[in-house]
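Breakdown of the fold
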Amino acid sequence: SRPSFYIDNCKIKFSENKVKLEKLADSKKQNKQKINWIKLTEKNRIPLNCKYYNPRVTFDGINWWISVGIDTDYKEDFEVTKTNGIGIDIGIKDLAICSDKAVYKNINKSKKVKKLKKKKRRLQRRVSRKYLKNKKGGSYCKTSNIIKSEKELLKLNHRLTDIRHNYLHQVTSEIIKREPKFIVLEDLNVRGMMKNRHLAKAVQEQCFYEFYRQIQYKCNWNNIEFVVADRFFPSSKLCSCCGNVKKDLKLSDRTYVCSECGNTIDRDYQASVNLCNYGKSIV
C-alpha cells in the first residue's frame, strides 16, 4: 500500500508556496520552527484562509503529495444540451471510435511511448543482471547501484502512466465539450480479456477503467446522461441498417459485411452507431 499519514486539520497552514506541518520540530525556538514550513513544488494550488478537511500526505515512491478537502459552493447548470447522443466503442486498435465519426488513436502506438517502453525494457534487463551478478548463495544482495537503477525505472513507469492518463483526460474532455445529450459505453468484461495472454498487455495499457471513470464523473459535472450498455448487447455483430445479427463474426474481421442487406462498414464504427441507438431507446 502507498505510505501515507494524517495531519491535524486545525494545525495545518498554507502560504503561496509553503505548507506548515506540526510536530516535525517540537522546539518553540524560532530557528527550529522554520523546519515545520516545507516548500511546495506547485504554487497557488490550494486556496488560503479556509477550513481544511482530512489533510493527508502520501508518498508514491518518488514524490510526496499533500491533499486537503475544502467547502465550495456548488451550482447545478441545467442548460439544454445542443447535440444528439454519442455512442463510444473502445478497443485496442484505436482507443475510442465515436458515432459522430470522431476517432481517437491508441497513444501506446506513438513514437514517444514506444521509445519509453524500449528504454524501460533495457532498464529492467539491467536491474535483473545486477541482481544475478550480486547473488550470494540463495539470497540476492541489493547494492546502491541496484537501488539507483530501480529508482530510475520507477520514474520511467510514472512518466508512462502520466502520459496515458493525460491523453485520456484530453480525449474525454474533448468528447464532453461537444455537449451531447447522452453518452453510451459498453460494459466490457476486462477481467476476462486480461486472461488472454496475447491481449492482456495491450488491454492493460489502454486503461479502460480509467476511461470509464473519467467519462462518468465528467458527465455528472456537465449534466449529461451516462448510459452503460449491457455486456451481452451485440454491438459489433448487429447490422445498423437491417438489424441482422452476424453470429460468426471473428475478432480478425475488421470490416462488417451483412449477408442480408449487403451493408459494408467498419465494425468499430458500426458498434458505436449501435450503442448510440441503444442509448436513444433507453433515454
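Each value, and the rule that gives it
Residues numbered from 1 in each chain as written. Predicted model: local features only at pLDDT ≥ 70, side-chain atom pairs only at ≥ 80, totals over all residues. Heavy atoms only, no water. Helix = DSSP H or I, 4+ residues; strand = E, 2+ residues; numbered from the N terminus. Rg over C-alpha atoms; globule rule 2.2 N^0.38 Å. Buried < 20%, exposed > 50% of the residue type's maximum accessible area, 1.4 Å probe, protein only. Contact = heavy atoms within 4.5 Å. Salt bridge = Lys/Arg side-chain N within 4 Å of Asp/Glu carboxyl O. Axes fitted to C-alpha atoms, helices over the stretch in contact; angles between N-to-C directions. Parallel < 35°, antiparallel > 145°, perpendicular 65-115°, else oblique. Left-handed = near helix turned anticlockwise from the far one by under 90°. Nonpolar A, V, L, I, M, F, W, Y, C, P; charged D, E, K, R; others polar. Pairing = 2+ DSSP bridges. Expected span 1.5 Å × (residues − 1). Phe/Tyr/Trp six-rings, centres within 6.5 Å; stacked < 30°, edge-to-face > 60°.

**Digging into the overall build of the protein chain**
- Counting secondary structure elements, the protein chain contains seven helices and 15 strands.
- For 283 residues, the compact-globule formula gives about 19 Å, and the C-alpha radius of gyration of the protein chain, at 25 Å, lies well above that figure.
- On the principal axes, the C-alpha backbone points of the protein chain span a range of 85 × 60 × 30 Å.
- Expressed as a percentage of the 283 residues in the protein chain, the buried residues total 33%.
- Put simply, 60% of the contacts in the protein chain that link residues at least 6 apart link residues at least 24 apart.

**Things to note about the pattern of salt bridges**
- Enumeration over the complete set of coordinates arrives at eight salt bridges.
- Where Lys142 meets Glu150, a salt bridge forms, and the shortest distance between an N and an O atom there is 3.1 Å.
- When the shortest N-O distance is used, the salt bridge between Arg164 and Glu205 registers 3.7 Å. You can see Arg164 sitting in helix α3 (residues 144–177) and its partner Glu205 sitting in helix α5 (residues 200–206), a full 41 residues away along the chain. Like Glu205, Arg164 is buried.
- One continuous salt-bridge network, built from bridges that share partners, spans Lys117, Arg164 and Glu205.

**Some remarks on the packing of helix α2 (residues 111–133) against α3**
- At a minimum axis distance of 10 Å, the contact between α2 and α3 shows a crossing angle of 155°. Accordingly, the angle class assigned to the pair α2 and α3 is roughly antiparallel. The crossing of α2 and α3 is left-handed. Taken together, the residues of α3 that come into contact with α2 (itself represented by Lys112, Val113, Leu116, Lys117, Lys119, Lys120, Leu123, Gln124, Arg126, Val127, Lys130 and Tyr131) are Asn145, Ile146, Ser149, Glu150, Glu152, Leu153, Leu156, Asn157, Arg159, Leu160, Ile163 and Arg164.
- The residue makeup of the contact of α2 with α3, split by class, is 10 nonpolar, four polar and 10 charged.

**Observations regarding the sheet that holds strand β6 (residues 64–69)**
- Taken together, three strands build an open sheet; the order of strands is β1-β5-β6 and the sheet is antiparallel. Looking at the sheet topology across the chains shown, the edges are occupied by β1 (4–6) and β6. Strand-to-strand, the axes of this sheet are offset by a mean angle of 20°, without reference to chain direction.
- Relative to strand β5 (residues 53–59), β1 runs antiparallel, the two sharing three bridges.

**With respect to α2**
- Counted at 1.5 Å a residue, the expected span for α2 with its 23 residues is 33 Å, and the 33 Å between its end C-alpha atoms agrees.
- Restricting attention to buried positions, one finds in α2 the residues Val113, Leu116, Lys117, Leu123 and Val127.

**Re the sheet that holds strand β3 (residues 18–20)**
- Taking strand neighbours across the sheet as the criterion, the three strands line up as β2-β3-β4 in an open arrangement whose pairing is antiparallel. Edge positions in the sheet fall to β2 (13–14) and β4 (37–39), since each of these pairs with one other strand and no more.
- When β2 meets β3, the two strands line up antiparallel, connected through two bridges. Paired with Phe14 across the strands is Val19, a residue of β3.

**Here we look at the pairing of β5**
- Examined bridge by bridge, β5 and β6 share five bridges and lie antiparallel to one another. From the neighbouring strand, Val57 faces β6, where its bridge partner is Ile66.
- Where β5 folds back onto β6 in an antiparallel hairpin, the turn is made up of four residues, including Gly61, whose phi is positive at roughly 100°.

**Looking at α3**
- For α3, which comprises 34 residues, the first-to-last C-alpha distance of 49 Å matches the rise-based estimate of 50 Å (1.5 Å per residue) to within 8%.
- Glu179 occupies a position one or two residues after α3 and carries a positive phi of about 55°.

**Description of the packing of aromatic side chains**
- Summed over all chains, the structure comprises five aromatic pairs.
- Aromatic side chains Tyr217 and Trp221 sit 4.9 Å apart centroid to centroid with 70° between the ring planes, which places their arrangement in the edge-to-face category. Here Tyr217 and its partner Trp221 are both found in helix α6 (residues 208–221), four residues apart, which amounts to about one turn of the helix.
- Taking relative accessible area as the criterion, Tyr217 reaches 22% and is therefore assigned partly exposed.

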